[in-house]
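# Coordinate inspection notes
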Protein chains: 2
Amino acid sequence: MSFSEYLPTQLQIQYQRLDTPFLMVDKPIMLHNLSRLRDQIEVLGAQLRPHFKTVRALEAMAHLLPSKDAPITVSTVKEAEALVDAGYLNIVYAVGISEGKLPRIAALNAKGAQVRVLLDTVEQAEFMSLYSSEHQCTIAALIEVDCDGHRGGIEPDDPQLIAIASILHRGAARFDGVLAHAGESYLCFDPVALAKAAQNEVAMTVKAATLLRAAEIPCEIVSIGSTPTAHSYQDLTGITEVRAGVYGFFDLVMAGIGVCQLDDIAASVVATVIGHNKQKGWLFIDAGWMALSGDRGTAGQPKDCGYGLVTKSTGELLEGMQVIGVNQEHGIIAAVEDELLDFSQFPVGSRLHILPNHACATASMHQHYHVFDTQDETYEIWNRIQGW
Amino acid sequence: MSFSEYLPTQLQIQYQRLDTPFLMVDKPIMLHNLSRLRDQIEVLGAQLRPHFKTVRALEAMAHLLPSKDAPITVSTVKEAEALVDAGYLNIVYAVGISEGKLPRIAALNAKGAQVRVLLDTVEQAEFMSLYSSEHQCTIAALIEVDCDGHRGGIEPDDPQLIAIASILHRGAARFDGVLAHAGESYLCFDPVALAKAAQNEVAMTVKAATLLRAAEIPCEIVSIGSTPTAHSYQDLTGITEVRAGVYGFFDLVMAGIGVCQLDDIAASVVATVIGHNKQKGWLFIDAGWMALSGDRGTAGQPKDCGYGLVTKSTGELLEGMQVIGVNQEHGIIAAVEDELLDFSQFPVGSRLHILPNHACATASMHQHYHVFDTQDETYEIWNRIQGW
């Protein structure tokens, strides 16, 4: 974060005019993050299918995708609806499908979109086929592959994989491929472990595709991804696309895993000091869990960052300072690691920036992002799509 | 929660039509919670000043307050602005004031509102006086009293109390009274501890008011409150008003403290089963931290409820089942306490209700609440005021 140090006068005025707390995005940092991963994945011969769930703002789309027909992932039907209305058509809804959501998916496809859904049970394949047949529409699905025992999905050599794909392939719905998410990679803290998780994600997913093809079921899409593994692939042979979400904003969890530096974090919450408790060594800020989220994603990491690390408004990291507690609209900042807090540096009214543990969670607390571009000297408001 | 068991046909259709996840409010339960506390406080001779931060929906106001001039508390200026526009004028903004927020407060007062702010430092009293003088407006403040060492505020016998009140009283701003919040009462788990915390909150705040009056500074408002203590007062002599927020919805944290029963919880998240992992004994639902919040408020309580307890859509508690994990749009439900999960009871597509750990946090994740009244057979959508 080397943000407001270099803020041109016009942007400085805008920054001061905004009431705290607000979510600030440093656009040049974000654009750098986006292009870095896109280049890495494309060099390895796969497509990038960014996950919209982190940013969820249509204003970001021109930066997330190279064109309107490029692939994107969503976590809610609401995101898909907003994207289709804006002309983005190649969508994977990457949360297990339930029957009640099929009418909305079918309505999007009827508008010319290609919204693929995700499933991992025979029941889901059956209601997909029945719905497609009864409503004379062909909804395409991917099967979730369990590559590391993290959450859901089917292991590649489980006979259910072929059984489910067959129902889709032979029935009125359509089978388009397999999708895996290396959720266990969030527990990797060194490049060797990350490379291993990335290789395993590739190998397990390619194995599933190979077994399906051996059973004479075409498998067009072989989709993998998580932000930690996406930055760690060496070879993507057999993979058609990679998904990642938080890599645009990055956060302390990703810095802890080692796939970014603190300087790569593009999103922070700007807060105002609203009080001191000198006996306890506490600064109060007007950003609590409503602005920061209550995410404690670094709690399980080698370096626990509390509810966020603190920088000056110049972007300089305040070493040893953390948000140690949050209430709804209060945050408590203290010096950890035996440092002493110099209250005279942080008078009531001064501003601090909080780097988020988990940018997806922090961004979700904000209707608007305040996007500053120090290079183009522009300021934009991005509007987050909310709800389901 | 004895909700959809008795749902009249029209409401049943409405309930089924809503896509999950959504926040459901059982209105009769909520109204009962609201009137219970109001009666209790009024019998003790004080006014109730509900905290708007939990519900934040104007549609709830007619139930929260008996009249438009009755007192209310807010945690953001945005809430105050919405309330004043709707004609509610008697407001305390109960988060430490920063100078940057004074123009918005002054604008509300210029519209005829009485928005009082909160502070606990000499600096704040000084910029309040200066602002009031320079802008020829009189902004009234309460001083935060620290009754239990929980967060901010000034201890009653700290000479700063008189010093700050004097600046306000003599200058262009106005001193209207004292305010305390017994935040440590959230760590009480039996009636004796709660009664002690409640008595202490009363005693410490009355002491502050008494010392101020002894210094010839009038102290009109003596405001205390937290949902745990608000339900535990025996004697409110010397107290003018009580604040509480979560008592309308209630939640698992409050049930753990003992100020409500599970049946009193008026807000729940309705989710759909979207998958099974039979090996691990997991049900997946389409409600993750985006719908439930990531709040772990029961983690420090005698009974840890994970990310929420589970009921059938009939309202019946599923004993031993909990949300044990959340991702953005996935929740994982498992049987804890050695129970076995009978998957045949929870097919993909079935609905479950999740009782929230912390209703303020869960409600904050939703733009709309779906409010069902089984007695009046009505369904309403309430719109949450968002942002700051």
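Residues numbered from 1 in each chain as written. Chains lettered and ligands numbered in written order. Predicted model: local features only at pLDDT ≥ 70, side-chain atom pairs only at ≥ 80, totals over all residues. Heavy atoms only, no water.

### Some words on the pairing of strand S13 (residues 317-326) of chain B
All names here are of chain B. Taking burial as the measure, the 10 residues of S13 include 7 buried ones, the bulk of the element. Across 2 bridges, strand S12 (residues 309-312) lies against S13 in antiparallel orientation. Bridging across to S13, Leu309 finds its partner in Gln322. Taking the residues that link successive antiparallel strands as the turn, the S12-S13 hairpin has 4 residues, and the phi of Gly315 there is positive, at about 100°. Relative to strand S14 (residues 331-335), S13 runs antiparallel, the two sharing 5 bridges. When the bridges of S14 are listed, Val326 appears paired with Gly331. Once S13 ends, the chain turns through 4 residues before running back antiparallel as S14. (Buried < 20%, exposed > 50% of the residue type's maximum accessible area, 1.4 Å probe, protein only. Helix = DSSP H or I, 4+ residues; strand = E, 2+ residues; numbered from the N terminus. Pairing = 2+ DSSP bridges.)

### Let's talk about the pairing of strand S11 (residues 282-285) of chain B
All names here are of chain B. Across the two faces of S11 the burial is the same, with Trp282 and Phe284 and Leu283 and Ile285 all buried. Of the strand pairs in this sheet, strand S10 (residues 267-277) and S11 are connected by 4 bridges, and their pairing is antiparallel. Across the sheet, Gly275 pairs through a bridge with Phe284, a residue of S11. Sheet topology places S11 next to S14; 4 bridges connect them, and they run antiparallel. Bridge pairing in S14 places Phe284 opposite Ile332.

### What to know about the side chain of His276(A)
The residue His276(A) is located in strand S10 (residues 267-277) in this model. From its side chain, His276(A) meets the backbone oxygen of Phe346(A) in a polar contact 2.7 Å long. Once residues within four sequence positions are removed from consideration, His276(A) is found in contact with Trp282(A), Leu283(A), Phe284(A), Phe343(A), Phe346(A), Pro347(A), Val348(A) and Glu123(B). (Polar contact = N/O pair within 3.5 Å; in protein donor to acceptor, adjacent residues only side chain to side chain. Contact = heavy atoms within 4.5 Å.)

### A few points about the UniProt feature "domain: D-serine dehydratase-like" (unreviewed entry) in chain A
What UniProt calls "domain: D-serine dehydratase-like" (unreviewed entry) maps, in this numbering, to residues 266-373 of chain A. For residues 266-373 of chain A, the end-to-end C-alpha separation is 11 Å, with 9% helix and 42% strand making up the annotated structure. (UniProt positions renumbered as here; feature names shortened; annotations may be inferred.)

### A few points about the sheet that holds strand S5 (residues 114-119) of chain A
Residues and elements named next belong to chain A. The sheet built from 8 strands is open, its strands ordered S2-S9-S8-S7-S6-S5-S4-S3 with parallel pairing. Sheet topology places strand S2 (47-50) and strand S3 (72-74) at the edges, where each strand pairs with a single neighbour. Averaged over all neighbouring strand pairs, the angle between strand axes comes to 30°, with direction disregarded. Looking at chain direction, strand S7 (residues 174-180) and strand S8 (residues 221-224) are connected through 3 bridges and run parallel. Within S8, the position partnered with Leu179 by the bridge is Ser223. On the sheet, helix H6 (residues 122-134) packs against strand S4 (90-96), S5 and strand S6 (140-145) and is oriented at approximately 150° with respect to S5. (Axes fitted to C-alpha atoms, helices over the stretch in contact; angles between N-to-C directions.)

### Some thoughts on the domain arrangement of chain A
Residue and element names in this part refer to chain A. In terms of domain boundaries, chain A breaks down into domain 1 (4-25 + 257-382) and domain 2 (52-244). The straight-line distance from the C-alpha centre of domain 1 to that of domain 2 is 35 Å. Of the roughly 1000 Å² buried between domain 1 and domain 2, counting both surfaces, carbon and sulfur atoms make up 73%. Of all residues in domain 1, the largest losses of buried area upon contact with domain 2 belong to Ile257, Val259 and Trp382, amounting jointly to 59% of the total for that side. (Domains from an automatic or database assignment. Buried area = accessible area lost by both parts, 1.4 Å probe.)

### Quick word on the sheet that holds strand S4 (residues 90-96) of chain B
Residue and element names in this part refer to chain B. With parallel pairing, the 8 strands of this open sheet are ordered in space as S2-S9-S8-S7-S6-S5-S4-S3. The sheet is open, and its two edges are formed by strand S2 (47-50) and strand S3 (72-74), each paired on a single side. Pairs of neighbouring strands in the sheet enclose a mean axial angle of 30°, with direction left out of account. The pairing of S2 with strand S9 (residues 241-244) spans 4 bridges and is classified as parallel. Note that in S9 the partner of Leu48 across the bridge is Val242. Helix H2 (residues 27-43) rests against S2 and S9 of the sheet, and its axis sits at about 140° to S2.

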